[in-house]
Amino acid sequence: MKPNPATVILDSIDAYNKLYGLETRHPLVTVLDLKEATRSVNHVLMDYGVYALYLKNDTNCVLRYGRQPYDYQEGTVVSFSPGQIIGVEYEKAELAPDVVGLMFHPDLIYGTPLGARIRDYAFFDYSQREAVHLSLDERALFMECLARIKEEICHPVDRHTAGIVASHIQLLLDYMTRFYERQFITRRKVNSDLLSRFHEALRSYYSNGHGSEGVPTVNHFAGVVNLSPGYFGDLVKKETGRTAQEIISLHVVECAKDRLSLTDDDISQIAYDLGFEYPQHFSRMFRRVAGTTPTQFRDRHRPC
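Notes on the structure in this doc start here. (Residues numbered from 1 in each chain as written. Predicted model: local features only at pLDDT ≥ 70, side-chain atom pairs only at ≥ 80, totals over all residues. Heavy atoms only, no water.)

## Here we look at the overall build of the protein chain
Counting secondary structure elements, the protein chain contains twelve helices and ten strands. Looking at the protein chain as a whole, 46% of its 304 residues qualify as buried. Within the protein chain, contacts between residues separated by at least 24 positions form 72% of all contacts whose residues are at least 6 apart in sequence. (Helix = DSSP H or I, 4+ residues; strand = E, 2+ residues; numbered from the N terminus. Buried < 20%, exposed > 50% of the residue type's maximum accessible area, 1.4 Å probe, protein only. Contact = heavy atoms within 4.5 Å.)

## Here we look at the sheet that holds strand β4 (residues 51–56)
With antiparallel pairing, five strands are arranged side by side in an open sheet as β2-β9-β4-β7-β10. The open sheet has two edge strands with one neighbour each: β2 (29–33) and β10 (132–133). Bridge count between strand β7 (residues 76–80) and β10: two bridges; the pairing is antiparallel. Bridge pairing links Thr 76 to His 133 in β10. Sitting on the sheet, helix α1 (residues 13–20) is in contact with β2, β4 and β9 (99–104), with an inclination near 20° to β2. (Pairing = 2+ DSSP bridges. Axes fitted to C-alpha atoms, helices over the stretch in contact; angles between N-to-C directions.)

## Let's talk about the layout of surface pockets
Its volume calculated, the largest pocket comes out at about 320 Å³. Lining the largest pocket are 16 residues, and of these Val 31, Leu 32, Asp 33, Glu 36 and Lys 150 sit closest to its centre. For the lining of the largest pocket, the secondary structure elements donating two or more residues are β2 and α4 (136–153). Residues of the lining of the largest pocket, tallied by class, amount to nine nonpolar, two polar and five charged. (1 Å grid on protein atoms, 1.4 Å probe; cavity = no way out; pocket = protein on both sides within 12 Å on 5 of 7 lines; lining within 4 Å. Points joined across faces, edges and corners; volume = space filled by probe spheres on them. Nonpolar A, V, L, I, M, F, W, Y, C, P; charged D, E, K, R; others polar.)

## A few points about the environment of Gly 214
Inspection of the secondary structure assignment puts Gly 214 in the loop between α6 (188–203) and α7 (218–224). Classification of Gly 214 as buried rests on a relative accessible area of 13%. On a C-alpha basis, the gap between Gly 214 and Asp 273 in space is 8.8 Å, while along the polypeptide they are 59 residues apart. Beyond its immediate sequence surroundings of up to four residues, Gly 214 is in contact with Tyr 205, Leu 274 and Gly 275.

Right, here's the structure in full:
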């Protein structure tokens, strides 16, 4: 029986480097190669206070996010952001893992263009089972970006260092966005199946009694198809041109239109049945989507 894993707080670059016995060249950023590690790390929980990207070149590592193990295959890039807790298990702890990557502290990018854009890189919030799998050419681009960053942080630090390093990191993150968009395209059949499950779950939401739980949410349907909300939302947007929330709102309003045109039910009761806590919230959504109020819609479509 394995002992409970220890939790390691990764609130600095130096904390990570000390864990693996690596050299710290810059206090806020590092390009790492775990084949150079002088200490073995296994069966630990890492509580991230930094951003990290890892490219795996071997197949003997298992990641755990919560209780769920994730397939971390050769040629896969996984990303972590502050606040995530990740379990790490190596099947062959005596071997140095063939993993390279980048780690940077949020303080590095404050006041830079990257700092203003960091939340745009939605893949940091994806579940690790939604990692991106790189082609050989994509791996070469990833490694080239790491080399540029490493070259810069090996120079003496001056007033230009942070801005130059941040720009190189931003380039790498832009490439990562492209890699994910490519993966959305190449997985179109899988994505189509996931969208079908989403639409079926949306159609059956109220008939299955979920209306008592509230208005349907993106988080709910992401859970139905076993994806993180961020990845699910990006997948839906790439495949349909609409956000998941827009599709959900359209469906809710269509359900409301049926009730308004076919029954004399009070508008407040319709709102409650659709999961709204307050009727005015229902009226606001209806007007935003339909371009008219529920009362006006009913008056126009009431049977003569």
